[in-house]
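Here is how the chains run, residue by residue.
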Amino acid sequence: LLTIIKGNADMLLTRMSSNHPSRERLLQIGQAADQASVMTSQLLAFTRRQVWHPRAMDLNRVLNGFSGMVQRLVGEHIAIDLQLCEGELSIYADPVQVRQIVLNLVVNARDAMPDGGTLTLKTYLLNEDDGKTVRFEVRDTGCGIDDAALENIFEPFFTTKEGKGTGIGLSMAREIMERTGGTIEVFSTAGEGTLFQLSWPHARETVLDTPEGGTIENAPRGTETILVVEDEEDLRDMLSEVLRDGGYTVIAASGSSEAHELCGDYTSPIHGALIDVVMPEMNGVALSALLKRKIPDLKILLMSGYTDDIIGQESESRPGIPFLEKPFEMRDMLFKIRALLDDKLHPGGG
Ligand code: ADP
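Being a predicted model, the structure only gives us computed values, none of them experimental.

A. Expanded view of the sheet that holds strand β8 (residues 225-229). Read across the open sheet, the five strands follow the order β9-β8-β10-β11-β12; overall the sheet is parallel. With partners counted over all chains shown, the strands left at the sheet margins are β9 (249-253) and β12 (323-325), one partner each. Pairwise comparison of adjacent strand axes, ignoring direction, gives a mean angle of 20° for this sheet. Here strand β11 (residues 299-304) pairs with β12 via three bridges, running parallel. If you follow L302 over to β12, its bridge partner there is F323.

B. Focus on the nonpolar core. L59, L119, F136, F196, L198 and W200 are the most contacted members of the largest nonpolar core, which has 42 residues in total. Aside from chain neighbours lying at most four places away, what touches L198 is I101, L105, V134, R135, F136, M177, T183 and I184. L235, L274, L324 and L340 belong to the second-largest nonpolar core, a separate cluster that totals 27 residues.

C. Quick peek at the environment of A93. Mapped onto the elements of the fold, A93 is located in strand β3 (residues 90-93). Remark: the alpha-carbon pair of A93 and W200, spanning 107 residues in sequence, is separated by 8.9 Å. The contact partners of A93, leaving out residues within four places of it in the chain, are H53, P54, R55, M57, V98, T180 and W200.

D. Examining the environment of G87 more closely. Following the sequence through the fold, G87 ends up in the loop between β2 (78-83) and β3. Residue G87 is classed as exposed on the basis of its relative accessible area of 53%. Linking G87 and N60, residues 27 residues apart in sequence, is a C-alpha distance of 7.8 Å.

E. Molecular detail of the environment of A33. If you trace the backbone, A33 turns up in helix α2 (residues 23-46). C-alpha separation for the pair A33 and L2, spaced 31 residues apart in sequence, amounts to 6.1 Å. A33 has contacts with L2, I5 and K6, leaving out every residue within four places of it along the chain.

F. Examining the sheet that holds strand β4 (residues 117-128) more closely. Ordered in space as β2-β4-β5-β7-β6, the five strands form an open sheet in which the pairing is mixed. The sheet is open, and its two edges are formed by β2 and β6 (183-188), each paired on a single side. Ignoring strand direction, the axes of neighbouring strands in this sheet form an average angle of 15°. As paired strands, β4 and strand β5 (residues 131-140) are joined by ten bridges and run antiparallel to one another. Across the sheet, residue K122 finds its bridge partner in β5, namely E137. This element, helix α4 (residues 67-74), spans β2 and β4 of the sheet and lies at about 155° to β2.

About the cut-offs
Residues numbered from 1 in each chain as written. Predicted model: local features only at pLDDT ≥ 70, side-chain atom pairs only at ≥ 80, totals over all residues. Heavy atoms only, no water. Pairing = 2+ DSSP bridges. Helix = DSSP H or I, 4+ residues; strand = E, 2+ residues; numbered from the N terminus. Axes fitted to C-alpha atoms, helices over the stretch in contact; angles between N-to-C directions. Core = buried A, V, L, I, M, F, W, Y, C linked by side-chain atoms within 4.5 Å. Buried < 20%, exposed > 50% of the residue type's maximum accessible area, 1.4 Å probe, protein only. Contact = heavy atoms within 4.5 Å.

See the structure below:
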């Protein structure tokens with residue numbers, strides 16, 4: 001649902017003149033949806049239903065890519081000071097989860113500065129005796145944290161935001177950091193702002209990332225034929241429209257039998273397929289296997305929100321199927337589709 005909300009808001013924004021009176025409202029829809037995605041993914045992660053795809057990723061690139069979203073989330077009254085070091089900062093982690101941690105820290109910093117202030121996001125590489133460490137700092141000039149709260153902020157469900165907070169953001173952040181061999185620390189004094197310091201071992205692998213940031217308009221295009229299989233009608237329509245706007249020919253199906261029928265009738269080549277995992281008739285993984293038998297060259301990208309049951313277990317036995325996690329941005333979908341068709345996509349992730 002969030003993919004539909006965000007996708008439609010983004011699409012309208014790109015079609016609207018920059019001084020349109022309703023622009024502000026649309027930006028707010030996008031902002032609320034961004035925040036809802038952060039919360040949903042926290043809840044999914046908390047109940048272990050989120051898929052984990054660690055790989056070598058460039059922290060600077062991720063941060064650079066969503067500085068616009070960060071500004072939208074915090075609002076105009078908070079100044080953002082982005083101090084990213086030069087060059088690539090590679091860590092071995094799941095970019096979706098890293099985004100999730102950063103956004104949670106950003107939302108917390110915003111909540112701590114209701115009357116405005118400065119949010120500093122800083123990265124650097126530490127050279128220590130036992131190796132290199134990638135550091136990321138989030139600093140705010142907000143209310144700070146008193147000693148009693150400081151002891152508990154990483155506990156699940158600890159929140160001082162009655163009715164508005166879930167209290168799982170920081171506990172998740174710590175769990176994720178530990179899983180990737182990193183740490184998260186907090187330094188704060190009541191009334192004097194807060195510093196969160198995250199550290200990861202520096203990864204030596206080369207980073208192969210899709211570019212971050214930008215809009216649908218500057219996403220890559222193509223002329224290939226893509227099969228879209230998605231049971232949710234609104235999302236199917238939107239994906240088809242965005243892909244057609246991107247130059248592709250689209251065949252859209254609501255489920256496996258329709259996909260079968262359409263592929264059977266189609267006489268020109270079908271190059272790629274974007275397939276939902278959780279569907280009523282037959283799940284996307286099974287459908288992919290069937291389609292692959294029919295069209296051996298078909299390149300497949302799966303998409304889903306909760307995939308523990310299907311992809312989580314099967315991905316090891318099927319390392320070849322790349323995956324797009326919902327909710328996603330339409331531009332990211334376009335980047336992934338392009339990479340998929342060009343054979344540049346990482347299996348099992350992106
Ligand atoms: P939530 O934001 O839903 O309450 P978190 O786990 O993200 O859950 O945070 C737990 C608590 O830690 C918050 O309720 C707040 O009291 C405190 N906290 C976190 N970050 C900050 C910050 N930057 N400044 C002040 N307090 C903070």
